[in-house]
Every structure is written in C-alpha cells, then in structure tokens.
Amino acid sequence: MPKIIGAMSLAAVLFCASGAVAGDAAAGDARYHETCHACHGPAGKGASSYPKISGNPIEYTREKLMAYRAGERFGPNSALMIMMAKPLSDEEIENLAVYLKDAKYEP
Amino acid sequence: MKLSTYRSLAVSAASVLLMGVAAASAQGMNVPVIKATPVLEGLESPWDMSVHADGTMFFTEKCKGLSMRSPDGTVTNIYGMKGSEGYSDAGEDLFCEGQAGMMGVASDRDFDQNRRLYVASTSDKYHGDGCKSNFERCDGNIVMRLTLSEDMMSVVDRTDIVTDIQYKPFESDQPFGGPGAHNGGRVRIGPGGYLWITGGDRHSGICPQSPELLCGKVVRVDTDGNAHPDNNPPAGFDKRIYTYGHRNVQGIDFRPSDGKAFTAEHGPWHSDEITALVNGGNAGWDPQQNTAGRGECPDQYCGYEPEQMDGMDPAVRAAYMPMSDPRFDDLMPPTWNNNGWSQGTSSAAFLKGDNWGIYEGRLATGVLGIGFGGTPIGQRIDMISITDDGLAINAITRMPLGFSKRFRGLVMAPDNSLYVATDEGEIYQVTATPMQ
C-alpha cells in the first residue's frame, strides 16, 4: 500500500510541476453562472449584442480569456471583458473553456 | 433626494410589502396565480411585440426583421432587414449593429381599418454627409409606418415618418463602447392615438441636453411624424420633443388611471430609473465634458466617469455623474432608482385588468441583469406600485415566474395577459388568474 500511495503522490507532483490544469466542466458551469450568463446568455449561446461563446475549442477560449485578463483589447466590448476576466484564476479559465466547448442551450 | 433616502424608501417599501402579503393572506385578498407559457422559442433577440384582440402577435427580432404569429401559431416573416432570408420583403437600408437594429413595434389604434404598424429600426438611408465619425451628426434611426396587405402577409406601403434620430456609427473608448450603443427604440401608441418614441444618448455627451438632436429624448408625434400640438419643450427645441435629458430609454407605458407616461431607463452603473414624464421636462442626464465640475472625458463622454473602466460604489459614481442632476430647474425627479443600482431596466408595462388582483395597476418592469462592479445581476420582472403623484413607490413585488432571463420587451395584450420577450430567444405569455 505505501508503494501505491507513493506512486500516486509522485504522479500528482509531476502533474502539478508540468503546469497543466485539467478543466472541470461542472465547475466551469458553476462559474459561468456566477457572472458570464448575465450577458452571454444560458450555455454561452449569446444574447442581444453579446456574442455566442460556446462550441469553440478549449484552446481558443483559454487564449481569449487569458488575453483579456492581461488587458488586451479586441472587439468593441473589450473593456467589459477585461474587467470580467481580471479576477479569473488559471483553473477557472480552464474550467470555463472546458464547459463552454460542449455547452448547449435547451430552453 | 439623496441615495440614502432612496434606500430608506426602498427598505420601507419592502416592509410595507411584507406586511401587505401577511395582510393579504389574513384577509383573503386577491393574490393571483401567475403563470408563464412560452408562445415562441428559438428566436434571435426578439425585441418587441404588439398583440391584437384575436391573438395575432407582431414581433421584431433585432437583426432579422418583423414577423407575425397568427392565432393558430403559424409564423409569417413579413419585412426583413438587409441580408435577412425568408421574408416576404426587406428594407435594404435596414441593418443591425450592437444594441441597435429593428426594435420597437406598435399597432395603429385603427389597425382593423388601416392595417398600419409603426416600427423603429436602424437605417443607412438618411446618413447623407454625416456619420463619418462619432462626433458629427448621424441620422441612423428611423420610424417606419408600414401598411400591411389585407392578408397581413406582406407590406404594401412603407412611409418613413421619423428619419432623424441619431445613431452611434463607431466604437468609442467606453464600456459597452461598440457602435449602436444607447439606441433607445421603444415605440408605443399613447392617449389620443399619438406615437411615442424613446431615445438614447448614443454615447454622445451633447445629445441629451441638445435642443435640436432627437437622441436622448422622448418624442411624441402624430402618425405622420408631426409634432403633437400640445408638446411643450423649452424655447428653441424641436417641437417633436416631449421630454429631454435622457440616457437610454427602452421602456414606456401610460398609467391606466390617468394616462400619465412613465419611462424605464438604463442607468450608468448606478441608478436605473422609472420616471413620471412631465411635458417639456428634463430627466437630468448631462454627460458633456467640462460640465458640472467635470473635466475632459474619454471621447468627450463622461457618462461612466469617474474611472469608467473600474467598479466602484454606485453612490460615489452617482455623486460625480448623476443620472438626474438636481442642478436643472426643470428636472423630473425619478419615481424609483433601483436602490441606486444599474441592472438594466429595459421595458415596462402597466398591468391592466382585475385578473391581476392586488397587482392591477402596477408597473411591470423587466430587468436584463448586469452584474459589474459587485452589483447583483438581478434578472427579474418587478411589479411596482407607484404613488398617485408619480413621484415615489408604495411597494415592489418580484413577479413569481420561476425563472430568470434577460427580460427585454414587455407589453400588455387585449386579454389582459402580459407578453414578455427575452434576449435568450423566447416570447412568453404571462397570465394572472384569481386564486379562488
């Protein structure tokens, strides 16, 4: 048993050291409903002048959110997104990217 | 009135509400059962509706056009915008951008005889030499009078009765800074059959207090687009103006008991407002730079200042850039200011009919939900009891729908049900029936 625990700990250390964060769709869903859905609508379908943000590759959403968080502007509502992305952690961004990839709106 | 006073009023109102509910239960008062049923789903940004006695409903979709839902549920696409597909006809000058597009719709009070609808839309037909920057005049919003064919499946005549409501053509250095911002766009038929059109300031500092420009105004005209003869704006103002000094009005309706007009207006990260309109009155919004103690502002618009890109206490922002500036002698003070918050009050309709029980006569107000800077998102429909003088509220009750969405358009139907459009793409019929 100690050997197994040791192997698991080693794997966890190696995982963290690599910088990779596995996205959690359920956590992304919860985070999305805290703030994002008010503008982008349920399941990222888009609403009014706010674009659809679901169905994109994980890499795309991750890059965009990280860029907004860094203060980069692209698009007419950049100021809003920069503000909204500022408090996001790497983990939250990853969770959101995973959730939004397959999110679908069902009224 | 200071914000702290407003908050006290709100707390008092809530207390009154709680006592009222208890009393209603004890005395068997008529609290109706309220139920929402979707009548259309899968739409693209439905914005406004006009419902007739036989159940026919005309509705707009912001980037698609005007359609009709027949009583049997069939949908006919009547008049589209440039690029729209599947419509009987289209206006090649009509377009959508950001918050702007095809917006308000209202039916003539003699529709059964003349088959006329009034529709607000963004158009490039009257740009002329303007619209080359955000700092010059850009007449990009119009109101069309559409006459339908006898079978109501198509448009046989289009007459543009108002062609000079300003539009924002380019991005600016503001939050929500895209083109088409603050575009107003609600259209309603008021007492006497006159047409009321609500406007926004299109992120221009000079619009709301300008005597000539129609941006940031509420306009009252006849069905040919001429000024109502009793409009009483200040000397030198365009006679079509009923009230001025507005930020972005997307809700208007007329109190059944006296016909008085009330508006619902978006606030600038503080102070959404319900306002009782006074003929010729000033709503008190003046986002010009170098005005009222403010200096220069980004793109000459102080509307989100100070520190427009950061959240802050709404009361602090309100003190610097008030929604209803008391320095104006002709100020129309707000009836209600959403406890000092901005969450996006988009549309409003008075609840008519005794089927609404204790809520009859209240102003149903749709809130889109905007949660910046720590403000609760607050998507809901409020039912607001307004005092007889229109200057305060008695109570607010949240409409018990069982769901929250971006409630964009509210209008009463002749059968005393409420129709509600959501940005998510649905139109609901909300009914109220006595509990007994």
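A.B. asks: Give a description of the overall build of chain A that names residues and reports values.
C.D. replies: The secondary structure content of chain A amounts to five helices and zero strands. In chain A, which comprises 107 residues, the share counted as buried stands at 36%.

A.B. asks: So what about the packing of helix α3 (residues 58-69) of chain A against helix α4 (residues 78-85) of chain A? Which residues, and what values?
C.D. replies: Residue and element names in this part refer to chain A. Contact geometry of α3 with α4 gives a least axis separation of 7 Å together with a crossing angle of 90 degrees. As summarised for this structure, α3 and α4 are arranged roughly perpendicular, according to the angle between their axes. Of the residues in α4, those touching α3 at Leu-65, Tyr-68 and Arg-69 are Met-81, Ile-82 and Ala-85. Residues that form the contact of α3 with α4 fall into these classes: five nonpolar, no polar and one charged.

A.B. asks: Would you mind going over the interface of chain A and chain B in detail, with residue names and values included?
C.D. replies: The interface of chain A with chain B comprises 13 residues on the first partner and 21 residues on the second. Every element with two or more residues in the side of chain A that touches chain B is listed here: α2 (25-40) and α4 of chain A. Sorting elements by how many residues they give to the side of chain A that touches chain B places α4 of chain A first, with three residues. Partitioning the side of chain A that touches chain B into residue classes produces eight nonpolar, five polar and no charged.

A.B. asks: With reference to specific residues and values, describe the sheet that holds strand β10 (residues 155-166) of chain B.
C.D. replies: Strand pairing in a sheet relies on backbone hydrogen bonds. The paired strands run either parallel or antiparallel. Residue and element names in this part refer to chain B. On the basis of which strands lie adjacent, the open sheet formed by four strands has the order β7-β8-β9-β10 and antiparallel pairing. Edge strands, defined here as strands with exactly one partner in the open sheet, are β7 (105-107) and β10. Strand after strand, the sheet turns through a mean of 20 degrees between neighbouring axes, direction not considered. Note that β7 and strand β8 (residues 116-122) share three bridges and pair antiparallel. If you follow Ala-106 over to β8, its bridge partner there is Tyr-118.

A.B. asks: Account for the environment of Met-57 of chain B, naming residues and giving values.
C.D. replies: All names here are of chain B. Tracing the backbone shows Met-57 in strand β3 (residues 57-61). Overall, Met-57 belongs to the buried group, with 23 C-beta atoms counted inside 10 Å. When residues no more than four places from it in sequence are discounted, the contact partners of Met-57 are Met-49, Val-51, Arg-69 and Tyr-419.

A.B. asks: Report on α2 of chain A, specifying residues and quantitative values.
C.D. replies: Residue and element names in this part refer to chain A. Between the first and last C-alpha of α2 there are merely 17 Å, a value that for 16 residues lags more than 12% behind the 22 Å anticipated at 1.5 Å per step. Along α2, the sharpest kink reaches roughly 60 degrees, centred on Glu-34. Taken together, the buried positions of α2 are occupied by Gly-28, Tyr-32, His-37, Ala-38, Cys-39 and His-40. Where the residues of α2 are buried, they touch α5 (90-102). Phi turns positive, to about 80 degrees, at Gly-41, one or two residues after α2.

A.B. asks: Would you mind going over unusual backbone geometry in detail, with residue names and values included?
C.D. replies: Residues and elements named next belong to chain B. With an omega of 0 degrees, the peptide bond between Glu-305 and Pro-306 qualifies as cis. With respect to the helices, strands and loops of the structure, Pro-306 is situated in the loop between β17 (273-276) and α3 (314-320). The backbone of Asn-339 sits at a positive phi, close to 55 degrees, despite the residue not being glycine. Looking at the element boundaries, Asn-339 is found in the loop between β18 (334-336) and β19 (345-350).

Conventions adopted
- Residues numbered from 1 in each chain as written.
- Chains lettered and ligands numbered in written order.
- Predicted model: local features only at pLDDT ≥ 70, side-chain atom pairs only at ≥ 80, totals over all residues.
- Helix = DSSP H or I, 4+ residues; strand = E, 2+ residues; numbered from the N terminus.
- Buried ≥ 20, exposed ≤ 12 C-beta atoms within 10 Å, placed from the backbone.
- Axes fitted to C-alpha atoms, helices over the stretch in contact; angles between N-to-C directions.
- Parallel < 35°, antiparallel > 145°, perpendicular 65-115°, else oblique.
- Contact = placed C-beta atoms within 7 Å.
- Nonpolar A, V, L, I, M, F, W, Y, C, P; charged D, E, K, R; others polar.
- Pairing = 2+ DSSP bridges.
- Expected span 1.5 Å × (residues − 1).
- Bend = angle between axes of the 7 residues up to and from the residue.

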